[in-house]
Every structure is written in structure tokens, then in C-alpha cells.
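# Inside the fold
What follows is each chain in one-letter form.
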Amino acid sequence: MTTRSGPALPKLIATDLDGTLLRSDRSVSERTQAVLKACWAAGIEVALVTARPHRTVVQLARQLGSVSTAICANGAAVLDVATGAADLVHAFEIEQALEIVADLRPVLAPLTGFALETGGQVFCEPAFRPGLISGDSAILTEDLALARPVGGRYIKVLARDETANADDMVAAARAVLGDRAEASQSGGRGLVEIAPRGATKAGTLAWLCARLGIGAQDVVAFGDMPNDLPMLTWAGTAYAVANAHADVLAVVDRVTASNDEDGVAVALEALLGLA
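These remarks concern the structure in this document. All figures in this text were calculated on a predicted structure; none of them were measured in a lab.

## Considering the nonpolar core
If you look at the biggest cluster of nonpolar residues, it comprises 31 residues, and the most contacted ones within it are Leu48, Phe222 and Leu268. Mapped onto this core, the elements with two or more residues apiece are α1 (17–21), α2 (30–41), β2 (45–49), α3 (58–64), β3 (69–72), β14 (219–223) and α9 (263–272). Per-element accounting of this core gives the leading share, five residues, to α9. Sequence-distant contacts of Leu268, that is, excluding residues within four places in its chain, are made with Ile13, Val35, Leu36, Cys39 and Phe222.

In C-alpha cells, the structure reads:
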């Protein structure tokens, strides 16, 4: 591929993973890998910004070979890809997380199961269906109050009812929680994710960019779900993929191809002038 002259290049690319950078089978196409490496070669930082906990991101980020940092758990943690270490930018103390579970249990559907996420492991009630979590990181418990996380903190409270609408669950959770925490959904069926107060993709991306000396105007962001909206509205340039949630498509002016059509790669190739 060759590069032609044109407008100034961005300094940082921030992209969501599931439903955006990844195809529906959770793979990354060769085309996408190639353009991310072209960004890296051009001196452009590439940051993954995802709802996923850091334990599920580090291997993927290393495979890409063009990512040094990942913002995980909707902004609660920042992963150093090289070392595998994660800094918890925002976290719940144990009692805070348990209080949120107790407050949400009466207002969410009776089939809802809860889980508490540390980033390295997740403690699940049986109703949460922990079998859906890959690997050996899921710890089943009949009573979340008996869980003892390493470090004594959680980065997310999770609530799942696969018979419920995730948008409705988020609305119900926000009505109860107010400004105590950040409730969102990232596309999981009947899954609402509650992050600590102040933990958003935008807030932690802004923190990372400040450390790197990069302004919002030099950031290009990609996303597909409502939890991406803070990041998309903060970044100087924002793209929704064509398969994005209606709430995202209503706000973001630039729409690229779908995740299964390598929409992130399509947009980046145009931005970089690659042919």
C-alpha cells in the first residue's frame, strides 16, 4: 500500500471491539490488521476501548501487534498490553458493589442473575449463567457477599436476564442508581453493566490522551453501542459502523460499513490515503 499527501493524520485511533472492530464471529480480518499496522507505522497511537474486562483483551491486543494500551470495562481499567498489568482507574469497594446488587434485585426481572467482575475473575450467581464466560475465570457462588476478590475491589456489577430487553434494564437501573454508578449496555442480550461513578469510555480516553499530550481534535473514534456514545461525542472525529444501535446512528454523523464489512478498515484506509 502507498500513502498519498492529504490532510493531517490523526494522532490516536480509539476503537470499540465487539460489533465494531471485530466481525460477528469475533475475528479480526487481515484487512483490519493491516490498516492498524499502517497506523502504527505512521506514528498513530491505536487504543482499544471496550466494555470487556482486561483478562479477555490482552491476548487479542498482542495478536494485533499495533496496540500498546487498552481501556477496559467501560473505562474502569487501563491495560498495558506489553506487561499485561492493569491500573484500576475506577473501582467499587466490596460493600458498594453489594449495595448496588441489593438495590437492583427488586426492580429488575425476577429471572435476573448478578455477577461481580474484578477484571481478572468474575464471581457469578447460578442465575447469571456463568457457563457463558469462557476460561476458568468464572467463580460460581450461591452468595456474592461471601466472595473475596483479590485486591478487595470490583470494576463492574453485571446483571443478566436473557428474556429481558437490555435497554429497558439499563433504564430501570439508572432510575434506581442515580449518579452513584454508570449503567450501560454493550450489546449483550439481556445484559446490563454497572461501572463505578465516573467510569466512562470518554473519561478514561481523555485521561489517556492527556498523558500522551493528544487533544480530542486529534482523535478518531469508532463504536456501535450506547456505551460508546460518550467516547464518540468527545472525539474530534467519530464514526459509527453501519450495524450500530439506533441511538448511536441518531447522534454520529459519519457512518462507515458494518463490522462484518470491515468498516473500521474502510474508514482508516480513506483517512490515511491508502490504496
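There's plenty left to go through after this.
## With respect to unusual backbone geometry
The bulk of non-glycine residues show a negative phi, and the bulk of peptide bonds are trans. Its identity is not glycine, yet Arg26 carries a phi of approximately 70°, on the positive side. Tracing the backbone through its elements, the reader meets Arg26 in the loop between α1 and α2. Of note in the backbone geometry, Ala73 takes a positive phi value of approximately 55° without being a glycine. As for its placement among the helices and strands, Ala73 is situated in the loop between β3 and β4 (77–80).

## With respect to the packing of α2 against α9
Where α2 meets α9, the axes come as close as 9 Å, and the angle between the chain directions of the two elements is 35°. The handedness of the crossing between α2 and α9 comes out as left-handed. Across from Arg31, Thr32, Val35, Leu36, Ala38 and Cys39 in α2, the residues of α9 making contact are Ala265, Val266, Leu268, Glu269 and Leu272. Its residues assigned to classes, the contact of α2 with α9 shows eight nonpolar, one polar and two charged.

## What to know about the pairing of strand β12 (residues 181–184)
Bridging between β12 and strand β13 (residues 191–196) involves four bridges; their strand directions are antiparallel. Bridge pairing in β13 links Ser184 to Glu193.

## Some points on helix α5 (residues 166–177)
With 12 residues, α5 ought to run about 16 Å at 1.5 Å a step, and its terminal C-alpha atoms sit 16 Å apart, in line with that. Inspection of α5 places Ala166, Met169, Val170, Ala173 and Leu177 among the buried residues, and these make up the whole buried set. Projected onto a plane normal to the axis of α5, the buried residues spread over an arc of 100° and lie on a single side. Exposed positions of α5 whose direction lies more than 90 degrees from the buried face are Asp168 and Ala175. Summarising the contacts, the buried residues of α5 are in contact with α4 (94–104), β11 (156–160), β12 and β13. For α5, the side-chain oxygen to backbone nitrogen distance between the N-cap and Asp167 is 2.9 Å, and the N-cap itself is Asn165. Looking at the residues trailing α5, positive phi occurs at Gly178, about 60°.

What counts, and at which threshold
- Residues numbered from 1 in each chain as written.
- Predicted model: local features only at pLDDT ≥ 70, side-chain atom pairs only at ≥ 80, totals over all residues.
- Heavy atoms only, no water.
- Core = buried A, V, L, I, M, F, W, Y, C linked by side-chain atoms within 4.5 Å.
- Buried < 20%, exposed > 50% of the residue type's maximum accessible area, 1.4 Å probe, protein only.
- Helix = DSSP H or I, 4+ residues; strand = E, 2+ residues; numbered from the N terminus.
- Contact = heavy atoms within 4.5 Å.
- Axes fitted to C-alpha atoms, helices over the stretch in contact; angles between N-to-C directions.
- Left-handed = near helix turned anticlockwise from the far one by under 90°.
- Nonpolar A, V, L, I, M, F, W, Y, C, P; charged D, E, K, R; others polar.
- Pairing = 2+ DSSP bridges.
- Expected span 1.5 Å × (residues − 1).
- Arc of directions from axis to C-beta.
- Polar contact = N/O pair within 3.5 Å; in protein donor to acceptor, adjacent residues only side chain to side chain.

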